[in-house]
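Report on the structure
Letter by letter, the chains look like this.
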Amino acid sequence: MDPFSQLILAISVTSFITFQLLFHYVSAWVSSRISPGFQKLSDKQKIEWNSRTVSTLHALVVGIFCLYILFFDDAVNEDPVWGDPTLVKLNVGITTGYLISDLLLIFYYWKAIGDKFFVIHHMAALYACYYVLGQGLLPYFANFRLLAEFSTPCVNQRWFFEVLGYPKSSKPNIANGVMMALVFFLVRIAVMPVYYGRMYSIIGTDAFYKLSFGGCGAWICSSISLDVMNVMWMHKIARGCYKVLRSSRRRKMETQENGKLD
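Residues numbered from 1 in each chain as written. Predicted model: local features only at pLDDT ≥ 70, side-chain atom pairs only at ≥ 80, totals over all residues. Heavy atoms only, no water.

**Describing the overall build of the protein**
Just so we agree on the cut-off: A run of H or I in DSSP becomes a helix once it reaches four residues, and a run of E becomes a strand once it reaches two; helices and strands are each numbered from the N terminus. Partly exposed residues are those whose accessible area sits between 20% and 50% of the maximum for their type, while under 20% is buried and over 50% is exposed, using a 1.4 Å probe and protein chains only. Contacts between residues were defined by any pair of non-hydrogen atoms, one from each residue, lying within 4.5 Å. When charges are counted, neither His nor the chain ends are considered; positive counts come from Lys and Arg and negative counts from Asp and Glu. Here the site of a charge means atom NZ of a Lys, CZ of an Arg, CG of an Asp or CD of a Glu.
In terms of regular secondary structure, the protein is built from 12 helices and zero strands. Traced from its N-terminal end to its C-terminal end, the protein shows the element sequence α-α-α-α-α-α-α-α-α-α-α-α. On the principal axes, the C-alpha backbone points of the protein span a range of 75 × 40 × 30 Å. Residue burial in the protein is summarised as follows: out of 262 residues, 41% are buried. At a minimum sequence separation of 6, the contacts of the protein that also span at least 24 residues come to 77%. Looking at the protein, you have 24 positive and 17 negative side-chain charges, and the mean spots of the two groups are 13 Å apart.

Written out as structure tokens, the structure is:
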């Protein structure tokens, strides 16, 4: 194994250990001090709380790294299929450690956080990680996909508000809901033309024909499948956000009218 592969392996193992420690020790310790409601949660809710806290941290770390690569890694941006994947591999190494860690936690705490969808999602993601780490394929597209992690913190925050008993009409919940819809749209929907435009420009080139059948199939099929789900999720999020905003506006108008009558 060459020195760089050893480094990636070390990063993945370190990532795994770090996220395990965050889940089992750090999350509960910090949460109990910044959120009094944490101690009132059930054991199952605390498990999911810690899982989502770790998920949020992973999303922020990987997302920021993705932005750096997108704007400053010229090698990857100039050759999206075979460009030097060094930085992308480092980022994917972190994600690999997180995915394996989260998978183990899902299986171990199945009654609390078990979800077949997440198992399938994580396995598919690890399959894609194999092509990036093992063969250095498609670094630009792998990095582009990880930008979607920016929508994770708002999704998790919505759950935090729910278990802490915040009403859906509360200002923090409404602000988070609007932010969630906006960020989800920007990093998962609005970027589709850029992503598929770049994909279309690659198809039929020499770089494209050098791809293995498995790598090419995993890239195109997973991209289309994921974006079909993204469109469906965006539709649900947008409808939910619209209903909450409309309900909030109606209550505000009723309050103003009642105030005038008094």
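**Quick word on helix α6 (residues 116-135)**
Our working definition: Expected span of a helix: the number of residues minus one, times 1.5 Å. Identification of polar contacts relies on pairs of N or O atoms within 3.5 Å, with a donor-acceptor requirement for protein atoms, meaning one able to donate a hydrogen and the other able to accept it, and with residues adjacent in sequence counted only if both atoms are side-chain atoms.
For α6, spanning 20 residues, the distance from its first C-alpha to its last is 28 Å, which sits close to the expected 28 Å at 1.5 Å a residue. Where α6 starts, the residue carrying a side-chain oxygen 2.7 Å from the main-chain nitrogen of phenylalanine 117 turns out to be aspartate 115. Positive phi shows up at glycine 136, right after α6, with a value of about 70 degrees.

**Observations concerning the pattern of salt bridges**
Quick note on the threshold: Basic side-chain nitrogens of Lys or Arg form a salt bridge, by our definition, when they fall within 4 Å of a carboxyl oxygen of Asp or Glu.
If you walk through the whole model with that rule in mind, you get two salt bridges. Of the charged contacts, one joins glutamate 48 and arginine 52 as a salt bridge, the two residues approaching to 3.0 Å between their closest N and O atoms. Placement of both glutamate 48 and arginine 52 in helix α2 (residues 43-72) is noted, with a separation of four residues, approximately one turn of the helix. Note on arginine 52: relative accessible area 19%, which makes it buried. Across the pair arginine 145 and aspartate 227 runs a salt bridge whose closest N-O atoms are separated by 2.7 Å. Taken together, the residues arginine 145 in helix α7 (residues 139-146) and aspartate 227 in helix α12 (residues 213-261) connect sequence positions 82 residues apart. Arginine 145 sits in the partly exposed class, given a relative accessible area of 23%. Judged by its relative accessible area of 5%, aspartate 227 is buried.

**Digging into the packing of aromatic side chains**
For the record, the criterion: To pair, rings of Phe, Tyr and Trp, with the six-membered ring standing in for Trp, must have centres within 6.5 Å; the planes then decide the type, stacked if under 30 degrees apart, edge-to-face if over 60, and tilted in the middle. A ring is considered to have a charge above it if a Lys NZ or an Arg CZ atom is located within 6 Å of its centre and within 35 degrees of its normal.
Tallied over the full model, the rule gives 22 aromatic pairs. Measuring from ring centre to ring centre gives 5.2 Å for tyrosine 127 and tyrosine 131, while their planes differ by 85 degrees; the resulting arrangement is edge-to-face. Residue tyrosine 127 and its partner tyrosine 131 are both found in helix α6; the two are separated by four residues, about one turn of the helix. One aromatic cluster is present, built from ring pairs that chain together Tyr140, Phe141, Phe144, Tyr195, Tyr196, Phe208, Tyr209 and Trp219. Positioned above the aromatic ring of tyrosine 140, the side-chain terminus of arginine 198 is 4.7 Å from the ring centre.

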